[in-house]
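Summary of structural features
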Amino acid sequence: MGVNLYNSEGYLDPTVYEALTNIEKEKKAKKRRKVVFICSPFAGDIEGNTLRAKRYGRFAVIQNAVPIIPHLMYPQFLKENDPKERQLGIGMGLVLLGKCHELWVFGDRISSGMTVEIKKAKDLKIPIRYFTVQCKQRKEVE
């Protein structure tokens with residue numbers, strides 16, 4: 001059942017129609033989930049970083065967001081230790097970043113791959129939020 005341009009007596013009522021239409025739009029917008037790009041270290045302690053990235057993804061879901069975590073997906077079929085394939089994975093991740101509403105940065109340090117993602121988000125004017133390893137929001141990592 002949608003919003004009607006006419007009132008219950010059949011008269012045109014554009015003011016009420018516009019107000020009710022705006023309320024409906026707001027309800028739909030609140031239900032829509034944000035798509036967020038998870039930015040966290042991967043190289044180095046791959047096993048530990050993978051577990052943390054999974055936790056960050058779970059946190060995003062609990063926050064009613066849709067997480068995009070390329071460093072959990074691309075290593076399934078690209079070789080992290082091959083520089084060309086690593087660059088390919090980073091490049092494909094940047095394409096996905098362009099489709100996201102926000103970039104969420106996790107951890108106490110910024111890796112070289114994360115630096116590229118943060119720069120791209122800034123270039124695209126995508127909002128950036130920073131979190132600790134424990135998923136507590138914080139100010140920008142220095």
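Residues numbered from 1 in each chain as written. Predicted model: local features only at pLDDT ≥ 70, side-chain atom pairs only at ≥ 80, totals over all residues. Heavy atoms only, no water.

You'll find the protein entered in an unreviewed UniProt entry as DUF4406 domain-containing protein, with Proteinivorax hydrogeniformans given as the organism.

**Regarding the environment of Gln 63**
Mapped onto the secondary structure, Gln 63 falls in the loop between helix 2 (46-62) and strand 2 (65-68). We classify Gln 63 as partly exposed; its relative accessible area is 45%. Counting along the chain gives 16 residues from Gln 63 to Glu 47, while the straight-line C-alpha distance between them is 25 Å. (Helix = DSSP H or I, 4+ residues; strand = E, 2+ residues; numbered from the N terminus. Buried < 20%, exposed > 50% of the residue type's maximum accessible area, 1.4 Å probe, protein only.)

**Observations regarding the pattern of salt bridges**
Here the structure, examined in full by the defined rule, presents six salt bridges. Ionic pairing is found between Arg 138 and Asp 108, a salt bridge with its closest N-O pair at 3.0 Å. Here Arg 138, found in strand 5 (residues 137-138), pairs with Asp 108, found in the loop between strand 3 (102-106) and helix 5 (112-123); they are 30 residues apart in sequence, far enough to count as distant. Three or more residues are tied together by salt bridges with common partners; here these are Lys 34, Glu 102 and Arg 129. (Salt bridge = Lys/Arg side-chain N within 4 Å of Asp/Glu carboxyl O.)

**Concerning the packing of helix 4 (residues 83-97) against helix 5**
Closest axis-to-axis distance for the helix 4/helix 5 pair is 10 Å, and the angle between their directions is 30 degrees. Of the possible angle classes, the one that applies to helix 4 and helix 5 is roughly parallel. As helix 4 runs across helix 5, the sense of the crossing is right-handed. The segment helix 4 lies against helix 5, with Arg 86, Ile 90, Leu 94 and Leu 97 engaging Ser 112, Gly 113, Val 116, Glu 117, Lys 120 and Ala 121. Looking at the contact of helix 4 with helix 5 residue by residue, the class counts come to five nonpolar, two polar and three charged. (Axes fitted to C-alpha atoms, helices over the stretch in contact; angles between N-to-C directions. Parallel < 35°, antiparallel > 145°, perpendicular 65-115°, else oblique. Left-handed = near helix turned anticlockwise from the far one by under 90°. Contact = heavy atoms within 4.5 Å. Nonpolar A, V, L, I, M, F, W, Y, C, P; charged D, E, K, R; others polar.)

**Observations concerning the side chain of Glu 117**
Locating Glu 117 in the fold gives a position in helix 5. Notably, Glu 117 is buried but unbridged: the nearest opposite-charge side chain belongs to Arg 86, and the N-O separation is 8.2 Å. With sequence-adjacent residues up to four places away left out, Glu 117 is seen in contact with Phe 37, Cys 39, Leu 94, Leu 97 and Leu 103. (Lys, Arg positive; Asp, Glu negative; His and termini not counted.)

**Some thoughts on the nonpolar core**
Of all hydrophobic cores here, the largest spans 13 residues; its most connected members are Phe 37, Cys 39, Leu 97, Leu 103, Val 105, Ile 118 and Ala 121. Elements represented by at least two residues in this core include exactly strand 1 (34-39), helix 4, strand 3 and helix 5. If sequence neighbours within four positions are ignored, Leu 97 has contacts with Phe 37, Leu 103, Glu 117, Lys 120, Ala 121 and Ile 126. (Core = buried A, V, L, I, M, F, W, Y, C linked by side-chain atoms within 4.5 Å.)

**Looking at the state of the cysteines**
For the structure on display, the rule yields zero disulfides. The thiol of Cys 100 is unpaired, and the distance to the nearest cysteine sulfur, on Cys 39, comes to 11 Å. Here Cys 135 is not cross-linked by a disulfide; its sulfur's nearest cysteine counterpart is in Cys 39, at 14 Å. (Disulfide = S-S within 2.5 Å.)

**Some words on the sheet that holds strand 3**
Remark on secondary structure: sheet strands pair via backbone hydrogen bonds, oriented parallel or antiparallel. One open sheet accounts for five strands, arranged 2-1-3-4-5; its pairing is mixed. Edge strands, defined here as strands with exactly one partner in the open sheet, are strand 2 and strand 5. Direction of pairing for strand 3 relative to strand 4 (residues 128-131): parallel, over a ladder of four bridges. Paired with Trp 104 across the two strands is Arg 129, which belongs to strand 4. In this fold helix 5 packs onto strand 1, strand 3 and strand 4, with an angle of close to 150 degrees to the strand it touches most, strand 3. (Pairing = 2+ DSSP bridges.)

**Focus: helix 2**
Between the first and last C-alpha of helix 2 there are 24 Å, a value that for 17 residues agrees with the 24 Å anticipated at 1.5 Å per step. Taken together, the buried positions of helix 2 are occupied by Gly 48, Asn 49, Thr 50, Ala 53, Tyr 56, Gly 57, Phe 59 and Ala 60. Residues of helix 2 that are buried sit in contact with strand 1, strand 2, helix 3 (70-73), strand 3 and strand 4. Immediately beyond the C-terminal end of helix 2, within one or two residues, lies Asn 64, with a positive phi of roughly 70 degrees. (Expected span 1.5 Å × (residues − 1).)

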